[in-house]
Amino acid sequence: MKNEATIQFVLDHREEDVRALALRGSRDKEVDLPWALDQIQGWQTARHKLPSWAAIDGIIYPPHLSMEQCSSEATAIYKCCIVERLPESCRETLIDLTGGFGVDFAFMARCFDHACYVERQAHLCDTARHNFELLGLPHARIINADAEQVLSEVKTEPATTLLYLDPARRDSNKARTYAITDCTPNVLELLPRLLQCGQHVLLKLSPMLDWHKAVSDLGNHVAEVHIVSVGNECKELLILIAANHVGEPSVHCVNDGQPLIYMPSQDSVAPAIATSEEVRYLYEPNASVMKAGCFGLLTRRFPVKALATDSHLFVSNEQVEDFPGRRFAIIAVTTMNKKDLGRALSGITRANVATRNFPMTAQQLRQRLGLKDGGDYYIFGTTNATGEHRLYICNKL
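Residues numbered from 1 in each chain as written. Predicted model: local features only at pLDDT ≥ 70, side-chain atom pairs only at ≥ 80, totals over all residues. Heavy atoms only, no water.

K.L.:
I keep staring at the packing of aromatic side chains and nothing clicks. Help me out?
P.N.:
Each aromatic ring pair is summarised here by two numbers: the centre-to-centre distance and the angle between the ring planes. Scanning all chains against the criterion turns up eleven aromatic pairs. Seen in terms of ring centroids, Phe314 and Phe323 are 6.0 Å apart; in terms of plane orientation they differ by 45°. Their pairing is tilted. In terms of burial, Phe314 and Phe323 fall into one category: buried. Site record: aromatic cluster; members linked through ring pairs are Tyr283, Phe295, Phe302, Phe314 and Phe323. When the ring centre of Trp43 is taken as reference, the NZ or CZ atom of Arg14 above it lies at 4.2 Å. (Phe/Tyr/Trp six-rings, centres within 6.5 Å; stacked < 30°, edge-to-face > 60°. Buried < 20%, exposed > 50% of the residue type's maximum accessible area, 1.4 Å probe, protein only. Lys NZ or Arg CZ within 6 Å of the ring centre and 35° of its normal.)

K.L.:
It is not clear to me how the sheet that holds strand β14 (residues 350-356) should be interpreted in this structure. Could you clarify?
P.N.:
Strands in a sheet are paired, the pairing made by backbone hydrogen bonds, and the direction either parallel or antiparallel. With mixed pairing, seven strands are arranged side by side in an open sheet as β11-β12-β10-β13-β16-β15-β14. Looking at strand neighbours, the two that pair on one side only are β11 (305-306) and β14, the edges of this open sheet. Relative to strand β16 (residues 389-396), strand β13 (residues 325-334) runs antiparallel, the two being bridged by six bridges. Of the residues in β16, the one forming a bridge with Ala329 is Asn395. (Pairing = 2+ DSSP bridges. Helix = DSSP H or I, 4+ residues; strand = E, 2+ residues; numbered from the N terminus.)

K.L.:
Would you mind going over the pairing of β14 with me for this structure?
P.N.:
For a regular strand, side chains alternate in direction, first toward one face of the sheet and then toward the other. Strand direction decides the pairing type here: β14 and strand β15 (residues 372-383), joined by seven bridges, are parallel. Residue pairing in the sheet places Ala351 in a bridge with Asp373 of β15. As a crossover connection, the stretch from β14 through helix α15 (residues 362-369) into β15 is left-handed. (Right-handed = clockwise from strand over helix to strand, strands pointing away.)

K.L.:
I keep staring at the sheet that holds strand β4 (residues 160-165) and nothing clicks. Help me out?
P.N.:
Reading across from one edge, β3-β2-β1-β4-β5-β7-β6-β8-β9 is the order of the nine strands in this open sheet, with mixed pairing throughout. Strand pairing shows two members of the sheet lacking a second neighbour, β3 (140-144) and β9 (258-262), which therefore form its edges. The sheet shows a mean angle of 15° between the axes of neighbouring strands, taken without regard to direction. Its contacts with the sheet put helix α11 (residues 211-218) on β5 (198-205), β6 (222-230), β7 (233-242), β8 (250-255) and β9, and the angle it makes with β6 is roughly 150°. (Axes fitted to C-alpha atoms, helices over the stretch in contact; angles between N-to-C directions. Contact = heavy atoms within 4.5 Å.)

K.L.:
Hey, could you run me through the pairing of β6 in this one?
P.N.:
Most of β6 sits out of view: eight of its nine residues are buried. Where β6 and β7 come together, eight bridges link them in antiparallel fashion. Its bridge partner lying in β7, His226 is registered against Leu238. The loop that links β6 with its antiparallel partner β7 comprises two residues; one of these, Gly231, has a positive phi angle of about 60°. With six bridges connecting them, β6 and β8 associate as parallel partners. Each bridged residue has a counterpart across the sheet, and for Ser229 the counterpart in β8 is Asn255.

K.L.:
Quick question: what am I supposed to make of unusual backbone geometry here?
P.N.:
Among all residues save glycine, negative phi is the norm, and among peptide bonds the norm is trans. Residue Pro185 is bonded to the preceding Thr184 through a cis peptide linkage, with omega at 0°. With respect to the helices and strands, Pro185 occurs in the loop between β4 and α10 (187-197). Within the chain, His312 stands out as a residue other than glycine whose phi angle is a positive 55°. Counting through the fold element by element, His312 comes out in the loop between β11 and β12 (314-316). A positive phi angle is found at Asn357, which is not glycine, with a value near 55°. Within the fold, Asn357 resides in the loop between β14 and α15.

And the structure:
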């Protein structure tokens, strides 16, 4: 912990703009300004990303990059849900091999009798040691070491019940990386040892990865794929590997707690296509479903049809309330003909515009229509099954 002057500076100024504080500085020479600014910026991030942590006085926050990379409270809680579905015999020991700021560890550790946090950066270990005490985790064991070193020392009998890894996705030049083999540690190289040491392995990977390729790379022990979105933004790709699993994995598309679960073999055909424009409702799949690409499944599991194979928008005549995504009531469908547009857009001066499988970007279409952004109307520019461009003017349900 820092001296009282620095701590008081953080408390007095944590609602203020960090850049303005950095320019203004502190008249008190006892204040460690760089550290204080990290704490202020960290707390301001945590208010939204980790509200339960921000509510605890004394939590120490790492520099900006670690705060940027750490899990949110919502995604950490979701990992607890994965853990809680495992058999009770599989919830004895957790080893987090890439501890970082410790968010995922702190949430998951409560589900285990024993929990070990491993981190190669000493300053993050010091931060974790301080924070875990405030968070009420007396059973947390902290090890300052590399994942490879700890794995080499883990006894294979009895096996650790869960190993967790969130590989660093930046190279030596701080540039982002996405492929599993480009991350640190390299999970593919460690996988044989991981399977020797753990009954289950949970991996957090980049949401930019193709989940099909990730499953192919990791082999047939992959039991579950979780594509996790918060606020309709894809945040994490989680892979659960089970040493005793063989066969295809289940795929879990989750957005703000709304799940769609299926087996890849259930999504083996193209989506059913709408044959008429006389429809009343339009649906846009959520970010996790879009990432999964399970569009054929949607038209079999729900009474909807796709506007076209590549449009990824769906329609129906009856409202489908449990569709995994946004739902809209269609006001009008129009061509790009000037007269048709004039009639359909009469009285509309602003709208939320989106395009899918359309020759213009959303911004270009908005400019073409002469509309301001926002408001209560939603306009989707797309291409139908016969290759004709259409605008669907809607209200959100």
